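# Coordinate analysis (summary)
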Amino acid sequence: MEITILDLIVETHVGLERQGPGSPEMTVKALSFLDNIDKISLVADLACGTGGQTMVLAQNITGNIIGVDICPDFINVFNDNAKKSGLQERVNGIVGSMENLSFQKEEFDLIWSEGAIDAIGFEKGLTYWNGFLKKNGYIAVTCPSWFADERPAELEKFWVDAVNGLGTIGDNISIMQKAGYIFIAAFTLPEKCWTDNYFTPRGAAEKALLEKYAGNKTVEAYIENDKYEVELYSKYKQYYGYVFYIGKKT
């Protein structure tokens, strides 16, 4: 059977601690902007992957967490990780789409999502997810964002092709407010969240894939594109990076 890009994305990422940029320290920092975290009883972690950040959340709040990811392989690892951490009573992963949630309206105290919202659009994600938050509930997401109004054309093109483009931090704060949230905080993730914590382990996994699928053109093209992403970041990192955005539903 012919291998697809989606198959390759899953195979690359399923054994990694993280499926995108970030760190435990940044997850904890984002949590620090929330008031009364002891009163948070139910959290959704959307596009949770294998749950690297979810387990950090669970170690810092007392409520229950539902992880949602479209990929069954990720959810299997997620639930294994919850068991290994002794968190299975409070942390449960389910297969589902962040664009088509099966929850009740106004069910959650907190919606969390690291490294995923840009895939559907910052505005679309925040607007849709708002309906599932209780009044005064919090949202915390990371999204790659422009640091400057002017960008090199090569870089702009990559992100338009990848996810229909990015917004500046100011744009995204305005979008958050228009989507029905009080803006609480935004902070930039350190460079190592992208390089050491994501690109390096991903590169090692892809090296193994190249050996496994030697000569496969689809695999080679997929890995070339990822290498190009790494090169662009190395060359242009002053123009963009991952940013945590925290808001409170009005």
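Fair warning: this is a prediction, and the values are worked out from it, not measured in the lab.

We now examine the nonpolar core. Counting residues in each nonpolar core, the largest one holds 41 residues, and the members touching the most others are Val91, Leu110, Trp112, Trp159, Trp194, Tyr240 and Phe244. The next biggest cluster of nonpolar side chains, apart from the first, holds 27 residues, and it includes Phe103, Ala116, Phe122 and Ala179.

Turning next to the packing of helix α1 (residues 5–13) against helix α9 (residues 217–236). Taken N-terminus to C-terminus, the directions of α1 and α9 make an angle of 65 degrees; their axes are 10 Å apart at the nearest point. Crossing hand, α1 versus α9: right-handed. On the side of α1, the interface is formed by Ile5, Leu8, Ile9, Thr12 and His13, while α9 contributes Thr218, Val219 and Tyr222. Its residues assigned to classes, the contact of α1 with α9 shows five nonpolar, three polar and no charged.

Glancing now at the state of the cysteines. All told, the structure shown has zero disulfides when counted by the stated rule. Left unpaired, Cys193 is separated from the closest cysteine sulfur, that of Cys143, by 15 Å.

This next bit is on the sheet that holds strand β1 (residues 42–46). The strand order β3-β2-β1-β4-β5-β7-β6 describes an open sheet built from seven strands, whose pairing is mixed. Two strands close off the open sheet at either side, each with one partner strand: β3 (91–95) and β6 (181–188). Averaged over all pairs of adjacent strands, the angle between strand axes in this sheet comes to 20 degrees, irrespective of strand direction. As paired elements, strand β5 (residues 133–146) and strand β7 (residues 240–249) share nine bridges and run antiparallel to each other. Each bridged residue has a counterpart across the sheet, and for Cys143 the counterpart in β7 is Val243.

A word on the pairing of β5. Counting buried residues along β5, eleven of its 14 residues qualify, which places the element largely inside the surrounding structure. Sheet topology places strand β4 (residues 108–113) next to β5; five bridges connect them, and they run parallel. Across the sheet, residue Phe108 finds its bridge partner in β5, namely Leu133. Crossover handedness for the path β4 to helix α5 (residues 122–130) to β5: right-handed.

All told, the structure shown has twelve salt bridges when counted by the stated rule. Glu99 is the partner of Lys124 in a salt bridge, and the nearest nitrogen-oxygen pair spans 2.8 Å. Here Lys124 is found in helix α5, whereas its partner Glu99 is found in the loop between β3 and β4, with 25 residues between them in sequence. Exposure remark for Glu99: the relative accessible area of 41% places this residue in the partly exposed category. Notably, a salt bridge pairs Asp161 with Lys157, separated by 2.6 Å at the nearest N-O pair. Here Lys157 and Asp161 lie together in helix α6 (residues 153–163), a separation of four residues that amounts to about one turn. Considered together, Asp161 and Lys157 belong to a single accessibility category, that of exposed residues.

Criteria and thresholds
- Residues numbered from 1 in each chain as written.
- Predicted model: local features only at pLDDT ≥ 70, side-chain atom pairs only at ≥ 80, totals over all residues.
- Heavy atoms only, no water.
- Core = buried A, V, L, I, M, F, W, Y, C linked by side-chain atoms within 4.5 Å.
- Buried < 20%, exposed > 50% of the residue type's maximum accessible area, 1.4 Å probe, protein only.
- Axes fitted to C-alpha atoms, helices over the stretch in contact; angles between N-to-C directions.
- Helix = DSSP H or I, 4+ residues; strand = E, 2+ residues; numbered from the N terminus.
- Left-handed = near helix turned anticlockwise from the far one by under 90°.
- Contact = heavy atoms within 4.5 Å.
- Nonpolar A, V, L, I, M, F, W, Y, C, P; charged D, E, K, R; others polar.
- Disulfide = S-S within 2.5 Å.
- Pairing = 2+ DSSP bridges.
- Right-handed = clockwise from strand over helix to strand, strands pointing away.
- Salt bridge = Lys/Arg side-chain N within 4 Å of Asp/Glu carboxyl O.

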